[in-house]
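This is what each chain is made of:
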Number of protein chains: 2
Amino acid sequence: MQARRPYRDLIDRLKTVKLRPTRQRLALAKLLFSGCNRHVTAEQLHNEALSAGVSVSLATVYNSLHQFTQAGLLREVVVEPSRSYFDTNVCDHHHFYFEDSGELCDIPPETMGLPQLPEAPEGTRIARVDMTVRLKRSQ
Amino acid sequence: MQARRPYRDLIDRLKTVKLRPTRQRLALAKLLFSGCNRHVTAEQLHNEALSAGVSVSLATVYNSLHQFTQAGLLREVVVEPSRSYFDTNVCDHHHFYFEDSGELCDIPPETMGLPQLPEAPEGTRIARVDMTVRLKRSQ
DNA sequence: GTGATTGCAAATCTTTTGCACTAAA
DNA sequence: TTTAGTGCAAAAGATTTGCAATCAC
């Protein structure tokens, strides 16, 4: 049933967060949100868009990624100095980071207990907890 | 007792990790290791050195920070895209990150239980676990 | 139409690099 | 003296910005 109006859902999704469904945003949203959860860098997404025949500038990719993040559609993950990943899974969860390949991957929540969190210091509240389990090839 | 040979300990510390105790490395080591544990960026440390009347180039600060890190004297902490912090506390521990000020601070280990870790995937081993509790001003 | 969005190229910021010079052993 | 370390200035990445052209409403 979706076949006849492939963009309707994405358009609604963008409108809901008050972003105009432009050609570029729609194409990027399609790449990001039509399949499984993903972890992408701006550069990767830009290349994917170009490969898919969508002409978007890298600046617009950055803008869109930040707008999507601000709107709660994406989450920014910092694991490396000087390269940001954007995660389409915005639920509470943590990451494996493969140091050898630079690949990022969700940790299935059921494989780890909830960490016992410390209290937030006076005058602050916890905005988010990020945990990264850094992996290396064994031996 | 240390007063008469203020640099002896630092010199030994550098020699132990096979780094020549040059004027610059000693000055940086002094700033980093003479007081309490610290979290600094390259830029911060460079400014401190200049303020202390030690002439060091920023390139040398970067080199030294990485050499110290490789030698296990420091630990690199990634909490922000495109800015690295270096932590003089190399024991297992986690961080509070004050998003408003960019300040980084150790979480006292006794205030949080050890998280139950997931198994490392086939063929990998856990190199390190980084947890960052991101804080915002409350209300 | 009009205000939001885009693309481009230039600017910015952090970090790294190449290489001649200097200093530690 | 010999090799490691330093400083500088230039290069490299990733990201951002300014602004005229374009597009969604």
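Provided above is the structure to which this section pertains.
The structure reproduced in this document is the subject of the present report. (Residues numbered from 1 in each chain as written. Chains lettered and ligands numbered in written order. Predicted model: local features only at pLDDT ≥ 70, side-chain atom pairs only at ≥ 80, totals over all residues. Heavy atoms only, no water.)

1. A closer look at the sheet that holds strand E2 (residues 75-80) of chain A
All names here are of chain A. Basically, it comes down to this: When DSSP finds at least two bridges between two strands, those strands are taken to pair. Only DSSP runs of H or I with at least four residues qualify as helices, and only runs of E with at least two residues qualify as strands; both kinds are numbered from the N terminus onward.
The strand order across the open sheet formed by three strands is E1-E3-E2, and the pairing between neighbours is antiparallel. Of all strands in the sheet, those with a lone pairing partner are strand E1 (39-40) and E2, marking the two edges. Of the strand pairs in this sheet, E1 and strand E3 (residues 83-87) are connected by two bridges, and their pairing is antiparallel. Paired with Val-40 across the two strands is Phe-86, which belongs to E3.

2. Re the environment of Leu-65 of chain B
Residue and element names in this part refer to chain B. The test is simple: Whether two residues are in contact is decided by their heavy atoms, any of which lying within 4.5 Å being enough.
Here Leu-65 is to be found in helix H4 (residues 58-70). The spacing of Leu-65 and Leu-45 is 20 residues in sequence and 9.5 Å in space, taken between C-alpha atoms. Ignoring sequence-local partners within four residues, the contact set of Leu-65 consists of Leu-32, Ala-42, Leu-45, Leu-74 and Phe-86.

3. So, helix H1 (residues 8-16) of chain A
All names here are of chain A. Operational definition: Each residue gets one of three labels from its accessible area relative to the maximum for its type: buried under 20%, exposed over 50%, partly exposed in between, using a 1.4 Å probe on protein chains only. This arc describes the spread of directions from the helix axis toward the C-beta atoms.
Restricting attention to buried positions, one finds in H1 the residues Leu-10, Ile-11 and Leu-14. Each buried residue of H1 lies within a common arc of 100° when the element is viewed along its axis, so the set occupies one face. Exposed side chains of H1 directed beyond 90 degrees from the buried face belong to Lys-15 and Thr-16. Of the surrounding secondary structure, the elements contacted by the buried residues of H1 are helix H2 (23-33) and helix H4 (58-70). After H1 finishes, the residue Lys-18 shows a positive phi value of roughly 65°.

4. A word on the pattern of salt bridges
How we decide: Salt bridges are identified by distance alone: a Lys or Arg side-chain nitrogen within 4 Å of an Asp or Glu carboxyl oxygen.
By the definition in use, this model includes 18 salt bridges over all chains. Close ionic contact of Glu-99 of chain A with Lys-136 of chain A constitutes a salt bridge, the shortest N to O distance being 3.1 Å. One end of the pair, Glu-99 of chain A, is in the loop between strand E4 (95-98) and strand E5 (103-106); the other, Lys-136 of chain A, is in strand E6 (residues 124-137), and 37 residues separate them in sequence. For Glu-99 of chain A, a relative accessible area of 31% puts it in the partly exposed group. Judged by relative accessible area, which is 32%, Lys-136 of chain A ranks as partly exposed. A single salt-bridge network, built from bridges that share partners, covers Arg-75, Arg-128 and Asp-130 of chain A together with Glu-99, Arg-134 and Lys-136 of chain B.

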